[in-house]
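In case you want the letters, here they are:
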Amino acid sequence: MQSLLGPVFGEFFGTMVLIVFGDGTVAAALLKGSKGEGSSWVHINWGWAWAVVMGIFAAQAMGAPQADINPAVTLAKFMAGVYPTAALALTIMAAQIAGAFVGGVIVYFAYLNHWEGTPAGLQLAVFSTAPARRNYPCNFLTEVIATFFLITMILCIFSKGVGGLAPGVGPFQVGGLIYALGAALGGPTGYSMNPARDFGPRVAHLILPIPGKGDSDWGYAWVGTIGPWVGAAIASVFCQAFALI
């Protein structure tokens, strides 16, 4: 068992925890007959903020010191030389996507009695993001901007200029950042900012036997997957230029 504990398993487990808490929050708000049915955007925003906190703690506890739980964050760090090889960075990204898939499956079983009777669009919203107004260039731009600020502000929080954080404080700071991003920039697209968060659970939606489900909206999937990688790449270049990483 000890051989499984390390950066790869930690990223897998942390991302799984992220999705269980994050998608679980959405399920509570949207699924028919849930005690949380009808909860507001504020409820969902808080749920995702705490999901990130719990995911980071889980990843670190399982041996992933970086605790990215997000392929976009991993890409930004790889571009800055934090990860020594492309093979390691890609392996960690794959583990994050796999963890997100498993997290989506767990949420499905946790709410097994609540899928029937829920409209197909709301079922899909538990697993993946969708735009408030579908306009692919605008939606893509929103994801790039949101992810740019996600990466940049994470690196600001942990920068030398801030002076360092006491152990255990960082995850809460990042959780606060997620809430702020959702409040400020989440309205147009539901703020994916994380390729694993959008892609892994969307695959789960595709294969799970959800009663009355519609399609998985793969025509939009690239926005929540590619947009964050582009935003992360821009943020990495920007942050390296200002010695934030």
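Owing to the predicted nature of the structure, the values given are computational and were not obtained by experimental measurement.

Scanning the protein chain from N- to C-terminus turns up nine helices and zero strands. For a compact globule of 245 residues, the expected C-alpha radius of gyration is about 18 Å, and the protein chain comes in at 17 Å, within 12% of that figure. C-alpha extents for the protein chain along the principal axes are approximately 50 × 45 × 30 Å. In the protein chain, which comprises 245 residues, the share counted as buried stands at 49%.

All right, on to the pattern of salt bridges then. Enumeration according to the criterion identifies four salt bridges in this entry. R134 is the partner of D217 in a salt bridge, and the nearest nitrogen-oxygen pair spans 2.8 Å. Taken together, the residues span a long stretch of sequence, with D217 in the loop between α8 (195–207) and α9 (218–241) and R134 in the loop between α5 (120–127) and α6 (136–157) at a distance of 83 residues.

In an α-helix, one turn spans 3.6 residues; hence positions three or four apart end up facing the same way. Among the nine residues of helix α3 (residues 71–79), seven are classified as buried, and the element is accordingly described as predominantly covered. Along α3, the positions that sit buried rather than exposed are P71, A72, V73, T74, L75, A76 and K77. Of the surrounding secondary structure, the elements contacted by the buried residues of α3 are α4 (86–110), α6, α8 and α9. Measuring from the backbone nitrogen of A72 back to the side-chain oxygen at the start of α3 gives 2.8 Å, which picks out N70 as the cap. Immediately beyond the C-terminal end of α3, within one or two residues, lies G81, with a positive phi of roughly 90°.

The grouping of V42, W46, W50 and F172 at the surface amounts to a nonpolar patch, some 410 Å² of accessible area in total. Along the chain, W46 falls in helix α2 (residues 41–61). Look at W46 and you get partly exposed, because its relative accessible area is 42%.

Residues W48, W115, V126, F127 and I178 are the most contacted members of the largest nonpolar core, which totals 48 residues. When sequence neighbours within four positions are dropped, the list of residues in contact with W115 reads L31, V107, Y108, Q123, V126, F127, I210 and P211.

What follows concerns the packing of aromatic side chains. If you walk through the whole model with that rule in mind, you get 16 aromatic pairs. Consider the rings of Y108 and F109, whose centres lie 5.0 Å apart with planes at 70°: the pair is edge-to-face. The class of Y108 is buried, set by a relative accessible area of 6%. On the basis of relative accessible area, F109 is assigned to the exposed category, the value being 52%. Ring centres of W115 and F127 lie 5.4 Å apart, and the angle between their planes is 20°; this geometry places the pair in the stacked category. With W115 in the loop between α4 and α5 and F127 in helix α5, this residue pair connects regions lying twelve residues apart in the sequence. The burial state of W115 is the same as that of F127; both residues are buried. The rings of Y108, F109, W115 and F127 are connected pair by pair, giving a single aromatic cluster. R202 extends its terminal NZ or CZ atom over the ring of W218, reaching a point 6.0 Å from the ring centre.

Relative to the 22 Å expected for 16 residues at 1.5 Å per residue, helix α7 (residues 170–185) spans 22 Å between its end C-alpha atoms, a close match to the ideal helical length. Among the residues of α7, those classed as buried are G170, P171, V174, G175, L177, I178, L181 and G182. Angularly, the buried residues of α7 cover 155° about the axis, an arc narrow enough to put them on a single face. Away from the buried face of α7 by more than 90 degrees, exposed residues A183 and A184 are located. Where α7 is buried, its residues contact α2 and α6.

A separate point is unusual backbone geometry. Positive phi is not limited to glycine here, since I69 has a value of about 45°. Among the structural elements, I69 can be located in the loop between α2 and α3. At D217, a residue that is not glycine, the phi angle is positive and equals roughly 55°.

Analysis parameters
- Residues numbered from 1 in each chain as written.
- Predicted model: local features only at pLDDT ≥ 70, side-chain atom pairs only at ≥ 80, totals over all residues.
- Heavy atoms only, no water.
- Helix = DSSP H or I, 4+ residues; strand = E, 2+ residues; numbered from the N terminus.
- Rg over C-alpha atoms; globule rule 2.2 N^0.38 Å.
- Buried < 20%, exposed > 50% of the residue type's maximum accessible area, 1.4 Å probe, protein only.
- Salt bridge = Lys/Arg side-chain N within 4 Å of Asp/Glu carboxyl O.
- Contact = heavy atoms within 4.5 Å.
- Polar contact = N/O pair within 3.5 Å; in protein donor to acceptor, adjacent residues only side chain to side chain.
- Patch = residues over 30% accessible without salt bridge, like charges linked within 9 Å, V, L, I, M, F, W, Y side chains within 5 Å.
- Areas by Shrake-Rupley, 256 points an atom, 1.4 Å probe, with all protein chains shown as cover.
- Core = buried A, V, L, I, M, F, W, Y, C linked by side-chain atoms within 4.5 Å.
- Phe/Tyr/Trp six-rings, centres within 6.5 Å; stacked < 30°, edge-to-face > 60°.
- Lys NZ or Arg CZ within 6 Å of the ring centre and 35° of its normal.
- Expected span 1.5 Å × (residues − 1).
- Arc of directions from axis to C-beta.

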